[in-house]
Amino acid sequence: GLYLDWSRVLRIAVPIEVHIHANNWGFMALVFAGTLVELYPRLTGRQLASPGAIKAVFWMLALGALGLVAGPWVESGFALYFSVPGLLLHLGGTLWLLFCVIRPIWTTWRTWSPGMWHLVTSYVWFLAPVFVAPFIIFKTPGFSGAGIEANAPQALVYGWVMHFGYATIPYFLGRAFFPDREVTLGGNWFSLFTVHAGGVCLWASIFLLPYQGLLQGLAYGLWVGSSIPIAGSVWRSLKDGVANAEASGPARGAAGRRHEAS
């Protein structure tokens, strides 16, 4: 997509970057899936429902993303042969992954912390554009393709990616600064509610055009509010982590000198 002369050499009909497809349904989807697979036993004390399915999920996500990237690049008459199979593969792989994550902890309520709810329900906003995409592809009356394409990326990023980050960023900071402590996922009930409420408002603004400005402003206000407790948690981790490192530095030095003297 950065070198649009590829369109002339490869006879690409629509030389656009398809960056949402490549970056979100490709890169981010694979990174988040891998993160879930790696963290799951540590977070829940259980194995995924079907550990052997992970390789299949990987290939479904990877090949699905390839189809979604290739679809807009080919002639319109052939785009459906790439976009639709890609969409179905990616959707199937994502739902299979979520099944593997949810099934073992379905009735284990102590596992369902706000952070776990952040991780799992973030996929609501990832799947929303996937379910709407067929209506755009087939030009269904009543669905504004331009409006959805203009606003869905914001809902995708501020819904799915931000949800996931709220849970994982404080967690990884805690593991980095305090490896001897039991670390939990980030997020709380306030951040969980406000992120979802922001996503609802933004999607509503796509269809309720007379209230679009109000709903979009409310969505971004809710998202800003949701970040406040997460920012506070990250700041406390950084402050305590730096203080702990400064305190342990002289102690390690003194211990080393005593060892050398002995």
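Above this text is the structure in question.
This section reports on the structure supplied with the text. Bear in mind that the values here come from a model prediction, so they are computed numbers and not experimental data.

Counting secondary structure elements, the chain contains nine helices and zero strands. Going from N to C terminus, the chain has its helices and strands arranged as α-α-α-α-α-α-α-α-α. Relative to its full complement of 262 residues, the chain shows a buried share of 41%. Summed over its atoms, the accessible surface of the chain is roughly 14700 Å², and 67% of this surface lies on carbon and sulfur atoms.

This part covers the nonpolar core. Formed by 54 residues in total, the largest nonpolar core has its most connected members in Y123, F126, W160 and W203. When contributions to this core are tallied by element, the ones reaching two or more residues are α2 (19-44), α3 (54-70), α4 (76-102), α5 (114-121), α6 (123-137), α7 (145-177), α8 (189-207) and α9 (212-261). A total of 11 residues in this core trace back to one element, the largest contributor, which is α7.

For the rest of this paragraph, the subject is α2. Along α2, the largest kink reaches about 35° and is centred on E38; proline P41 follows within four residues of it. Taken together, the buried positions of α2 are N24, W25, G26, M28, A29, F32, A33, T35, L36, L39, Y40 and T44. Once α2 ends, the next one or two residues include G45, with phi positive near 75°.

Time to look at the packing of α5 against α8. Contact geometry of α5 with α8 gives a least axis separation of 8 Å together with a crossing angle of 25°. One finds that α5 runs roughly parallel with respect to α8. Of the two possible hands of crossing, α5 and α8 adopt the one that is left-handed. On the side of α5, the interface is formed by P114, W117, H118 and T121, while α8 contributes W189, S191, L192, V195 and H196. Here the contact of α5 with α8 is composed, by residue class, of five nonpolar, four polar and no charged.

Before going further, it helps to examine the packing of aromatic side chains. One pass over the structure, following the stated rule, counts 13 aromatic pairs. Ring geometry for F32 versus F164: centroids 3.9 Å apart, planes at 5°, classification stacked. Here F32, found in helix α2, pairs with F164, found in helix α7; they are 132 residues apart in sequence, far enough to count as distant. The exposure classification of F32 matches that of F164, with both residues buried. Seen in terms of ring centroids, Y171 and F172 are 5.5 Å apart; in terms of plane orientation they differ by 70°. Their pairing is edge-to-face. For F172, a relative accessible area of 38% gives the class partly exposed.

A grouping of F58, W59, L63, L66 and L89 is seen on the molecular surface, where their side chains present a nonpolar patch of about 490 Å² in accessible area. When residues of the nonpolar patch are assigned to their parent elements, the largest contribution, four residues, is made by α3. Among the structural elements, L63 can be located in helix α3.

Its 19 residues give α8 an end-to-end C-alpha distance of 28 Å, which sits within 8% of 27 Å, the value for a rise of 1.5 Å per residue. Capping the start of α8, N188 holds a side-chain oxygen 3.1 Å from the backbone nitrogen of F190, two or three residues further along.

Conventions used here
- Residues numbered from 1 in each chain as written.
- Predicted model: local features only at pLDDT ≥ 70, side-chain atom pairs only at ≥ 80, totals over all residues.
- Heavy atoms only, no water.
- Helix = DSSP H or I, 4+ residues; strand = E, 2+ residues; numbered from the N terminus.
- Buried < 20%, exposed > 50% of the residue type's maximum accessible area, 1.4 Å probe, protein only.
- Areas by Shrake-Rupley, 256 points an atom, 1.4 Å probe, with all protein chains shown as cover.
- Core = buried A, V, L, I, M, F, W, Y, C linked by side-chain atoms within 4.5 Å.
- Bend = angle between axes of the 7 residues up to and from the residue.
- Axes fitted to C-alpha atoms, helices over the stretch in contact; angles between N-to-C directions.
- Parallel < 35°, antiparallel > 145°, perpendicular 65-115°, else oblique.
- Left-handed = near helix turned anticlockwise from the far one by under 90°.
- Contact = heavy atoms within 4.5 Å.
- Nonpolar A, V, L, I, M, F, W, Y, C, P; charged D, E, K, R; others polar.
- Phe/Tyr/Trp six-rings, centres within 6.5 Å; stacked < 30°, edge-to-face > 60°.
- Patch = residues over 30% accessible without salt bridge, like charges linked within 9 Å, V, L, I, M, F, W, Y side chains within 5 Å.
- Salt bridge = Lys/Arg side-chain N within 4 Å of Asp/Glu carboxyl O.
- Expected span 1.5 Å × (residues − 1).
- Polar contact = N/O pair within 3.5 Å; in protein donor to acceptor, adjacent residues only side chain to side chain.

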